[in-house]
Amino acid sequence: MCGICGFVGSIDRDALNAMNAALARRGPDGEGVFIDTQTGVHLGHRRLAILDIAGGHQPMALADDSLIIVFNGEIYNHRELRTTLEAEGCVFQTDHSDTEVLLHGYARWGTSLPTRLNGMWAFVLYDRARHRLFASRDRFGKKPFYYSNTLQGFAFASELTALGVHPSVETDWDMLSLAKYFAYGFIPAPRSLYQGVQKLPAGSNLVYDINSQSLHIDQYYAFCLEPDESLARDGEDGLAEELSMRLRRAVACRLEADVPLGVFLSGGIDSSTIAALAVDEKGHADAVHTFAVGFADPRFDESGYAENVARFLGTTHHTQRLEVHAGLQMASEIAGFLDEPMGDSSLLPTALLCRETRKSVTVALGGDGADELFAGYAPFKALGPAMWYDRLMPPRVHQAIRLAAARLPVSHGYMTFAFKVNRFLRGMGYNWRVRNPVWLGPLAPDEVSDLLSTRYHVEELYSEAIEVFERCPSTHPMDKTLEFYTRLYLVDDILTKLDRASMMFSLEARAPFLDLDVVDFAQRLPRRFKYRHGQTKYLLRRAMAGRIPEEVLQRGKHGFALPVGQWFANGALHIDQHSAPPGCNLEILAQKCMAHKAGKSDERLFLWNIWLLQHREVL
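The structure contained in this document is the topic of the report that follows. Keep in mind that this is a model prediction, so the values were computed, not measured. Note that residues are indexed from 1 along each chain, following the sequence as it is written. Two thresholds apply to this predicted model, a pLDDT of at least 70 for residue-level local features and 80 or more for giving and counting side-chain atom pairs, whereas whole-chain, interface and lining totals are computed over all residues. Excluded from the side-chain calculation are hydrogens and water; included are all heavy atoms of the structure.

### Notes on the overall build of the protein
Move 1: Looking only at helices and strands, the protein features 25 helices and 17 strands.
Move 2: For every residue, the accessible area obtained with a 1.4 Å probe (protein chains only) is divided by the maximum for its type, and the residue is called buried under 20%, exposed over 50%, and partly exposed between those limits. Looking at the protein as a whole, 61% of its 619 residues qualify as buried.
Move 3: Of all intrachain contacts in the protein linking residues separated by at least 6 positions in sequence, the fraction that spans at least 24 positions is 72%.
Move 4: With 64 positive and 75 negative side-chain charges, the protein shows a separation of 5 Å between the mean positions of the two kinds. What counts as a helix is a DSSP run of H or I of at least four residues, what counts as a strand is a run of E of at least two, and both are numbered from the N terminus. Any two residues having at least one pair of non-hydrogen atoms within 4.5 Å are treated as being in contact. Note that His is not counted, nor are the chain ends; the positive residues are Lys and Arg, and the negative ones are Asp and Glu. Throughout, a charge is located at the NZ atom of Lys, the CZ atom of Arg, the CG atom of Asp or the CD atom of Glu.

### With respect to the pairing of strand 1 (residues 2-8)
Within a regular strand, side chains alternate between the sheet's two faces.
Move 1: Of all seven residues making up strand 1, seven are buried, and the element is well covered by its neighbours.
Move 2: Of the two faces of strand 1, the one lined by Cys2, Ile4, Gly6 and Val8 and the one lined by Gly3, Cys5 and Phe7 are each fully buried.
Move 3: Two strands pair if DSSP finds at least two bridges between them. Two elements, strand 1 and strand 3 (residues 41-47), share seven bridges in a ladder whose sense is antiparallel. Pairing of Cys2 across the sheet is with Arg47, part of strand 3.
Move 4: Judged from the four bridges that link them, strand 1 and strand 9 (residues 153-157) form a sheet pairing that is antiparallel. Each bridged residue has a counterpart across the sheet, and for Gly6 the counterpart in strand 9 is Phe156.

### Quick notes on the side chain of Arg555
Move 1: Counting through the fold element by element, Arg555 comes out in the loop between helix 22 (550-554) and helix 23 (564-570).
Move 2: In protein, a polar contact means a hydrogen-donor-capable atom and an acceptor-capable atom, both N or O and within 3.5 Å, with residues adjacent in sequence counting only if both atoms are side-chain atoms; elsewhere, any N or O pair within 3.5 Å suffices. In this structure the side chain of Arg555 is engaged in a polar contact, spanning 3.0 Å, whose partner is the backbone oxygen of Gly267.
Move 3: Beyond its immediate sequence surroundings of up to four residues, Arg555 is in contact with Gly267, Gly268, Glu302, Tyr305 and Arg541.

### A short note on the pattern of salt bridges
Move 1: We define a salt bridge as a contact between a side-chain nitrogen of Lys or Arg and a carboxyl oxygen of Asp or Glu at a distance within 4 Å. Under the definition given, this model contains 48 salt bridges.
Move 2: Across the salt bridge formed by Lys497 and Asp344, the nearest N and O atoms sit 3.8 Å from each other. With Lys497 in helix 19 (residues 477-503) and Asp344 in the loop between helix 9 (325-337) and helix 10 (347-358), the pair connects residues that are 153 residues apart, well separated along the chain. Like Asp344, Lys497 is buried.
Move 3: Residue Arg524 is joined to Asp520 by a salt bridge in which the shortest nitrogen-to-oxygen separation is 3.4 Å. Of this pair, Arg524 and Asp520 both sit in helix 20 (residues 516-524), four residues apart, which is roughly one turn of that helix.

Scope: geometric values only; no functional claims are made or implied.
Now the structure itself:
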C-alpha cells in the first residue's frame, strides 16, 4: 500500500517532492521519483512495503525503460498472472513483486490489463513509445485517485491535499460538490471538493496523450445485478457451500504478505466470517491475530462479542479498551488528515481500531463489502414498510405524522427509536429514485438549498443516485437499493473511510468480500437469498452456521459508533460560525446548532459534516 503522485509539465522537482512529502503517511518505508526531462513526465511514490520488500521499490521500470509505473495497492492474483506471462516469454527481475506483473502485463495486454486483475489498485503507467500515461482504478475504488487536467497540464495524486500542492491545480471550492456533500454525506465521483479536480471513477481507466494534451476515460467495470435463478437448482445448502468456498479462496489469497498480518474483529457476522476462514486457512488458530477496540460506554461497546468469537475460534486476540473520550481527542487529528471530507462519523472508532492494530501488524483483513452485497443495512428492513406506507398514507396524513414524530424526545444513543423514525419519515416524502440518499444524508434537499442560499433541484443534488436507480435492470426496490449501496455508498463512503483511517496509521486494509469471484456470485444471487422474512444476509448466515457462534449468527446489524451527537450537545465539539463554508447561511447554521443543543432536534449528522469542513487542513 502506497501513495502516488505526478504531473506532466515543465521540470519542477520541488513541486514533485512537495506532493510526495504530503503522502508520507501512506508510505513511510521509502520514496522515489522519476523525471523525464524531454517530455516533462514527473512520477512520485511513497512506499508501504508489503510484498517483495527487497525488490519492490518504485517508480519501477521494465529492463529497457520503455514502461515506468507508480502503483498503490495489491494484486492478489499476481502469482497466476506471472506464471502466464513467463510462459509467454517475459523475464522478471524481481522475486515476487506484483508491481512488476503490472509492467509486463501492460506490455503484453495493453489497456485491457485491468480486466485481468483481482485486487485493489490505483496506478499510473508511463508508456514512452506511445507518449502517454495510462492510469487505472480498481472495480470498487478501494484506492483513491484524484486528477486535474488544465491548460497548464495534467496532474494526479492519491490525495486531494497532495494534488493541491501543485501550483497549476485550482483549489477553489465547487459549490455543487459542497451541496452534494450535505445531501449524501460524501462527495460522489467524479466530483471533488475543488473545481479543478476530479476523482477517477471506480472501475475506470484514464489515458492522457502527452503530445495532444488530450484525456480519455473509459469505464471497464460497473457493478450490476444479474439474478440467475439457475443458481437455485443446487438448493440452499449448495449455494451456502459455494459462497463459503469462494470466500475461503478470497481470504486465502489475502493472507499473503511479507510483514505481520491480522484480522479486524468486531463480533459481527462479517468480520467473524473472515476470522473463521483465516483460521481454516492457517490451520493453527493461535497463528491468527484478531483485533478489536472496546469503549467504557456500553451503548457503543462491542468488544465482548469480539472476545467471545475469538475464544470460540481460538485466535490470539488483542482488545484495547478505551474511554469514549479517546475518540473525541482524536477527532481533530482525523479531520486534518481526512483530506476530502466524508461525513461518516464511524471514521472515529475505525481510526482508533487501525491505530491499535498497527501497533502489532502492517496488514489487516476486514468484513467491508458484505453489507452492500448481501443486504445487511437497516434500510433494507425498511423497504417493506415503506411500500405499504406509500400505498396507505395520504400526503396530508404523512405531514401530520412527521410533525408528531419530530416531537419525540431526542436521545444521543446508537440508532435510537426517534432517530430511526424521523429518518424513515423524511425519506417517505420523496420519490423512490432518491429515497435512499435522503434516508442517509445529513440534510434533506430543501435544507441544503436553505443552508447554501441557492435553490438546488432534487434531480441535480442526487443525479448519481438517480442514474443508478434508472440503470438497474430490476424494478424491485430491494435490487435498486442493493445497487445504490454497492455502487455509491460503498465506494464513496465505506471504502473511503477505510482507506483514510488505515492510511492515517500506515496500515494496509484488505476486504475479502470484494474479491472478484465473491462479487460475481453476489451479482447473480437472487435477492431472496440475501434478505428473507426480516433477516439480512440470509445466505451468509447459513454458510457460516457452525463456524461462528450462534449468537453472532442471530445478531442484528450494529454499526461502529461513538456519541458524536452528545459531544455537540454538551459543547465538547463546537461549530465556529465564523469559519462556516463559503455561501453558508449563518442564520440557518445557528438555528440548527441551537436546536441540537436544546434537544429540539437531532442534527448530529449535519453538525459533524460542518465540523469536518472547518477542521480539515487548509492548503
